[in-house]
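# Geometric and topological summary
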Number of protein chains: 4
Amino acid sequence: MGAVGEQPGVVVDLEKRHWHEECGVFGVWGCENASQLTYYALYALQHRGQESAGIATVEDGRLHHHRGLGLVAEVFGPEDLERLRGRAAVGHVRYSTTGANKLANAQPMVFDLHQGHLALAHNGNLVNAGLLRRRLEEQGSIFQSTNDTEVVAHLIARRPGGMVEAVTDSLQTVQGAYAFVFLTGDCLIAARDPQGLRPMALGRLGEGWVVASETCAFDTIGAVFVRDIEPGELLVIDDGGVRSARFAPRAKKALCTFEYIYFARPDSDIDGRNVHVVRKALGKRLALEAPAEADVVIGVPDSSISAAIGYAEATGIPYEIGLIKNKYIGRTFIQPSQALRERGVQLKLNAVRKVVEGKRVVMVDDSIVRGTTSRRIVQLLREAGAREVHVRISSPPVRFPCYYGIDTSAREELMAARLTVAEMREAIGADSLAFLSEEGMLEALGAGPEAAFGGHEFCNACFHGRYPTRLYEDLGKNVMETVGERGGRP
Amino acid sequence: MGAVGEQPGVVVDLEKRHWHEECGVFGVWGCENASQLTYYALYALQHRGQESAGIATVEDGRLHHHRGLGLVAEVFGPEDLERLRGRAAVGHVRYSTTGANKLANAQPMVFDLHQGHLALAHNGNLVNAGLLRRRLEEQGSIFQSTNDTEVVAHLIARRPGGMVEAVTDSLQTVQGAYAFVFLTGDCLIAARDPQGLRPMALGRLGEGWVVASETCAFDTIGAVFVRDIEPGELLVIDDGGVRSARFAPRAKKALCTFEYIYFARPDSDIDGRNVHVVRKALGKRLALEAPAEADVVIGVPDSSISAAIGYAEATGIPYEIGLIKNKYIGRTFIQPSQALRERGVQLKLNAVRKVVEGKRVVMVDDSIVRGTTSRRIVQLLREAGAREVHVRISSPPVRFPCYYGIDTSAREELMAARLTVAEMREAIGADSLAFLSEEGMLEALGAGPEAAFGGHEFCNACFHGRYPTRLYEDLGKNVMETVGERGGRP
Amino acid sequence: MGAVGEQPGVVVDLEKRHWHEECGVFGVWGCENASQLTYYALYALQHRGQESAGIATVEDGRLHHHRGLGLVAEVFGPEDLERLRGRAAVGHVRYSTTGANKLANAQPMVFDLHQGHLALAHNGNLVNAGLLRRRLEEQGSIFQSTNDTEVVAHLIARRPGGMVEAVTDSLQTVQGAYAFVFLTGDCLIAARDPQGLRPMALGRLGEGWVVASETCAFDTIGAVFVRDIEPGELLVIDDGGVRSARFAPRAKKALCTFEYIYFARPDSDIDGRNVHVVRKALGKRLALEAPAEADVVIGVPDSSISAAIGYAEATGIPYEIGLIKNKYIGRTFIQPSQALRERGVQLKLNAVRKVVEGKRVVMVDDSIVRGTTSRRIVQLLREAGAREVHVRISSPPVRFPCYYGIDTSAREELMAARLTVAEMREAIGADSLAFLSEEGMLEALGAGPEAAFGGHEFCNACFHGRYPTRLYEDLGKNVMETVGERGGRP
Amino acid sequence: MGAVGEQPGVVVDLEKRHWHEECGVFGVWGCENASQLTYYALYALQHRGQESAGIATVEDGRLHHHRGLGLVAEVFGPEDLERLRGRAAVGHVRYSTTGANKLANAQPMVFDLHQGHLALAHNGNLVNAGLLRRRLEEQGSIFQSTNDTEVVAHLIARRPGGMVEAVTDSLQTVQGAYAFVFLTGDCLIAARDPQGLRPMALGRLGEGWVVASETCAFDTIGAVFVRDIEPGELLVIDDGGVRSARFAPRAKKALCTFEYIYFARPDSDIDGRNVHVVRKALGKRLALEAPAEADVVIGVPDSSISAAIGYAEATGIPYEIGLIKNKYIGRTFIQPSQALRERGVQLKLNAVRKVVEGKRVVMVDDSIVRGTTSRRIVQLLREAGAREVHVRISSPPVRFPCYYGIDTSAREELMAARLTVAEMREAIGADSLAFLSEEGMLEALGAGPEAAFGGHEFCNACFHGRYPTRLYEDLGKNVMETVGERGGRP
């Protein structure tokens, strides 16, 4: 949800959130005030999860930890950070992809294993977690949460030998999208899934080391970016430095495209690309593919502002602020009743009448999921006097569910899975509607033909239905029905 | 703090806040769910005060009220709104200009007078409050807060006769900048100060009426703007409709210019002008007065984005997102220690390296108060690789304190009161620095020669030191020292 | 509410509470850690009020204060006591006699007057408070609470001259039962009402001085009892020592008898008598007046245990523990539904079956107000197998309302005002019922003929209807109806 | 801690608590409002644990649960009980014998096993818990608490087959003192340890069944006592009724004597004896063994009041209330600093001067552990003017640690393990000191020669060092040193 001068706010677009979601992880080894550094790093990653936050530190081989529901600033008080002593830490902000939003599911999770203490933070979704859990429970393991992260801990607990070996072994058993950070009494371990679906980077802070889901966390604490962690790579960081190992063979990368389109902060660089720059390029390419006769270009805040600026720059139509978003809605905000909504109470967005009145408006948005939000915004602009509303989407139509970060996997909820673009235009009430082509998107991303790009690729399964990993039967029936038509399934 | 697609965030620019500050008031008469409507209206006005919030309603002549420290969403739960029954309400969000930030100072304040129950919400600062309070205390009045609002209640309490007459009389005694909303068992009373320093507008909602500091509150609840309240005008709203009266003679308007420059939401219209449109005009005019040889134009989020877009449009230099602001800092956020700050922890703003690296950057900001923030941002941009940084300010230099919404009135804290523009440029480390001229500002505001503009004027005392009201001795010694040089003092 | 080894618990007998109630006050001057000392003193006085607690201290002429709803231990944290710096303090625990149980009514109340800062704690009830408040409001005073204590502050505020003079003057205007402690920047002022209806004592603590509603507070903090404060006496305590003055002529004492019968802690001494010793004497006297053929004597915990021991000692019948009281019910305890109560859920008291089964039981209680509690306990004992239940009350029948500490003044709620003793026995289901005679009570109290006792007397108005002060019309209509039959009204 | 009309207060005697401690458990099957009934039952058992409370219910095979730190009334709100739907429940109040006082250790603990959902509440201490835990961890089990209760859940989880069989099997593996209540989707299971060290009783409530640590819980909710659960007995309660099974051979009972001496509520009956009646008998027997020349008999509240009454009755010396205990200290109470304590601040007990001044006092207490409390009370009585203080203890000297409910197992902390009675008298400053003999205690308990009593016996290991179960090496080193001298060890 990058923005013009903005990171995603407390008010997330729930429509998109429910369709595709991630968390934020951070780890540090070998720095004084590790808990404070982690606090500020999590604050920089807050847009990746506002439901819970947690930090675990290690001091003389013992773990301290604290976690709670809410924003980073709500969960931690000065006395908590004070208590979290030590020179190494792992932190997590969470949006629940799986598991209910309750404290037991907050991360990092902390375990006492026969190998020693272990704190564990995870960004991702394991597609075979249900299967593994059932098997472990039959063997007598007791789970304390509904979080798929815990499966990994139980796999480790049942392995003999040392912690690093047990972690490496266990990662070969789980499948899906993930970035893990493990903290033990002796070392920090960071691992990225074999396809590289989820991002994670390594940085240097003084004599110590840091890892994070996004580089904006490095900037916030004054750390220097070193490199992205490779797909299937496991880093073991201790006082001796960083050791790299592979737990999966080198494969084509398949980073989730939506990190660029919608999710990451505009000031972050992921796998070599800056998010804002990519978004602006998507907007420019969209202008070439789908120009419009119009007076002003506006973006839907926050994540579509960069694309709107790109669209305006490529077309020469002035860029304007036509929609204002209120960021103050927090967890405890009271939603208006149906009666009040019908009488006109509208909280999140407000159209700037003086900007759109009597104008032909290009409204740039990053994606359409269910389509209800788009219809509402078009209506808002018309009520504020817009003469025409031309909707331009800076990504292709989303026609397939995501199995790597899902709340709802029902394909029928995706507007583009049910309707043609013409029907969608009709449904949202726009004067025209156009999506960026998949080719255009890849070109803007610089992916081009694979050879030209050093093997770099993306997971675009939600656009075309070809998934980069095996999918498991236990994802539920409504998934299974969808699966039949997927070409990419092994 | 208007913004590109943004209203001011929880993270306010404390440097500016401490220099000049306002509150938000709202009132409604004759509508079902008055407390809910007020809740959503206050939420729209949240940028005007994040320290406390409160609502009072009237039901069968009895007042219910609830207030607390924090954001609207923190202060009210569903059961609070439920308990606040009635078809009329008054609400307030507060930033403390005078009086400590404690619950006793939160508004609306509620009083039992011999005339009946009274709830009172106030946006502004009374310059003779101290004088009046001392006199009232000597006569036996007991104050329960350090809030200057309470002075008005005591004045009313000591008047014989009915409530409306007592209110009218009392307003003739107080001086300063204010927008008052009074709620009694029988009516809602709204009053704007004789100079119109503070804004307030009237709206219609179904069969009922609303008043608010900014029109964005009307949009949020589906109300329709009717007109701005006149300086020195008092509206009495009851089931019979709206009656207008004057408690002060018709005078030249002197609306605070900073409502446009920095404070109001970009989607609000004040006294006939849209805030975003004004800001963009200020940016365009600034481009004419102070162009720059540069590669990109960036704005300091949130309030300077509109001006930056205007500057870019007028110069043809591309507008970019070069600074990202983190909005999640709340009341309870733990500030980094000096040691951590020195080691590079920087929370509020992050520069986008890929945007500014190797570039000549125009950085547009709305104002400079102490100058410390400006210096920090310039440094941030240089560290991110900017080749040149040209600072452009979309208002004139602030050289005089404000007595109508002050926390600190010490003139020596104002950078422009101490230094020349050349010295300021040196101090903030910019390659060049320019301010908008006062004439340019007035022209962009459309003020022009008075005749051409129907008598419309502004309070620009902070730029030139000529104050629109009498100032009182009890403002404190450091004020008095400043007063000597003021020309406008009666 | 004295007890065998027990002070009154969190679980107060609400039947008695609602009929007659008091608060606890404490003051200290000239001692280090004044807030801590007050905290422990209030803890010793906790039985006098569990609804709210508060402390104000003075440091360099400035007041600090903190108050809240709940028990002393709930209201204050270590950081609160830390913040309450100074060598003088005043504290209060409250049971609401008048004014709703809300924070605004918690004490000490703190005021800024033209004479200076003032903190005020009050145990009692002013019978002309309503009249005075109406008059003050008509003159423009604004009240912030519904507490009659605030009337005194407004009277003081309207007096010219210094604080001590204004306090002395104001006390001549109010009427009723009271013990006041005032804390100013310069001194501590303690005053007891002209009839001495409410107790207050003076103690010495190192170089400093303390005042308290009961002497158990002195024992708890290691202070030494000096003397009781006289009716109509005002003590001004500052660094120069204690000065005594009279604001009312010397009159016959009229201490409320219920301090001994029910309210005070058994280890406190009031006006020269120990509470436990008096209660035991009442029980012995009751044994002489109303013996019973029985196997065991039991007391209703907590306040009737001393009287039961006395009754057992005088009759030779063994004293036993036949009723157990659960003390853990706090403010937030969830009361059982009617359905659960009917199915046998009984929380407060439990009969010890092995003690009462097959026995003739004497059940000693201190008083009967509405009679519902007595009926319930008799039934409880019968269900546990008691063969006979003989109820003995260690005070005379309560037939008249109390105007000095009332929640309900309706005479018809008093069982003894409606029924004869025979009818009462029938109503509560006892085999026999007897009350202590008024003469017996006075004799046990050592009051005897006035001359023989140095003029010492008691307020027994609730037994005979002759009140020691004027009563005012504004006590409400149902009071007025009762008033007609009172002989003692001037 | 039985008392004259009193159950143990919030203020527990920490000296005794730390030496020997228990919890309270309750279960109900087949009753409407099961959560409410459990709430009130736990309230009756509150004296058995004030650190945490919890309830789990079952509805349609699914568990709901809620637990927290603090008193029952603090942990549960009406909405919690509302949410805890179902006709079966298990509840727990806890004093930490093992495991830190943190939420993770609060009970009932809830687990998802392959056999189904399981809630588990435990009163007791497993002597081989550490050993079993280490073995389970090595096999890959992950513990979420430091509570020994969790060991049982892991044992069950690793057993194949149904829940009841797995529970029965698992109980044959654990050793120590325990009363377990298990709640599953199908039934309630209650089990008492093979020695019957911990009490548990069965009751009937309408059509449903209840089990509880003490019968006072039955009285509170209107249930009828059926019988005590046998040592080594397991009850399975479901809609078909109650089935009894044995998981251990019939053995001699060894109920902990301290249940009678100190811990249980006076109105409870345990294994056929009423607690108050036993305590009074102990006092009478003590009077025969160790009479005193004295003027008054007083008891140390709360648990020694019954014994004091018995002592007084047997000697003819009047029983008096000589010590008052303040019950209001809660979890958050601020302890006085050392400086304040030295200056005389004493919170828990106050002597009644008028009762003890100039008198020869017999002070009856139930036991002496470290002796510090006894010394303090003797001093208190002397400062209040007691001429002589004769201490009489209603149990034998405690000379050996308890392994079934320990916080501290260091034998050197036990005063009677280090000193003779004469030295103890000297140490506590009494004029005389006497303990009840072991024979006298058994006689008062009605134990007599085993044949005469149907095989009923007690665990008196703390008096003589002969323990009824095997003790394990992993109890820690300081235990091991003590073990050498124990005769009873296998």
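What counts and what doesn't
- Residues numbered from 1 in each chain as written.
- Chains lettered and ligands numbered in written order.
- Predicted model: local features only at pLDDT ≥ 70, side-chain atom pairs only at ≥ 80, totals over all residues.
- Contact = placed C-beta atoms within 7 Å.
- Helix = DSSP H or I, 4+ residues; strand = E, 2+ residues; numbered from the N terminus.
- Nonpolar A, V, L, I, M, F, W, Y, C, P; charged D, E, K, R; others polar.
- Least-squares fit on C-alpha atoms with pLDDT ≥ 70 in both.
- Pairing = 2+ DSSP bridges.
- Axes fitted to C-alpha atoms, helices over the stretch in contact; angles between N-to-C directions.
- Domains from an automatic or database assignment.
- pLDDT = per-residue confidence, 0-100.

### Looking at the interface of chain B and chain A
Listed as interface residues are 64 residues of chain B and, on the opposing side, 64 residues of chain A. Going through the elements one at a time, α2 (34-44), α3 (72-75), α4 (78-83), α8 (216-221), α10 (275-289), α11 (305-315), β18 (323-325) and α13 (353-356) of chain B are the ones with two or more residues in the side of chain B that touches chain A. Ranked by residue count, the leading element in the side of chain B that touches chain A is α2 of chain B, at five residues. Classifying every residue of the side of chain B that touches chain A by side-chain character gives 35 nonpolar, 18 polar and eleven charged.

### Notes on the relation of the copies chain B and chain A
Least-squares fitting of chain B to chain A yields an RMSD of 0.1 Å, with the superposition described by an axial translation of 0.0 Å and a rotation of 180°. The operation mapping one copy onto its partner corresponds to a two-fold rotation axis. The overlap is high: 100% of the interface residues of chain B also sit at the interface in chain A, so the same surface is used on both sides.

### A short note on the sheet that holds strand β21 (residues 388-393) of chain C
All names here are of chain C. Ordered by their spatial adjacency, four strands build an open sheet running β17-β20-β21-β22, and the pairing between neighbours is parallel. Looking at the sheet topology across the chains shown, the edges are occupied by β17 (296-299) and β22 (432-435). For this sheet, the mean angle separating the axes of adjacent strands, direction not counted, is 20°. Relative to β21, strand β20 (residues 360-365) is paired through six bridges, and the arrangement is parallel. Counted as the bridge partner of Arg-360 is Glu-388 from β21.

### As for the domain arrangement of chain A
For chain A, the assigned domains are domain 1 (14-270) and domain 2 (276-327 + 347-445). Just the C-alpha atoms count here: the centres of domain 1 of chain A and domain 2 of chain A sit 33 Å apart.

### Focus: the interface of chain A and chain D
Across the contact, 15 residues belong to chain A and 15 residues belong to chain D. If you list the elements that add at least two residues to the side of chain A that touches chain D, you get β5 (109-113), α5 (129-138) and α6 (149-157) of chain A. For the side of chain A that touches chain D, the class distribution of residues is six nonpolar, five polar and four charged.

### A look at the confidence of the model for chain A
Residue and element names in this part refer to chain A. For chain A, per-residue confidence averages 87 on the pLDDT scale, and 87% of positions sit at 70 or higher. Here residues 451-455 is a poorly scored stretch, pLDDT under 50, and it has five contacts once near neighbours within four places are set aside; other chains count. In the predicted structure, residues 474-490 sits below a pLDDT of 50 and forms 25 contacts with residues beyond four places in sequence or in another chain. For this predicted complex, the interface confidence reaches an ipTM of 0.86, while the overall pTM sits at 0.84.

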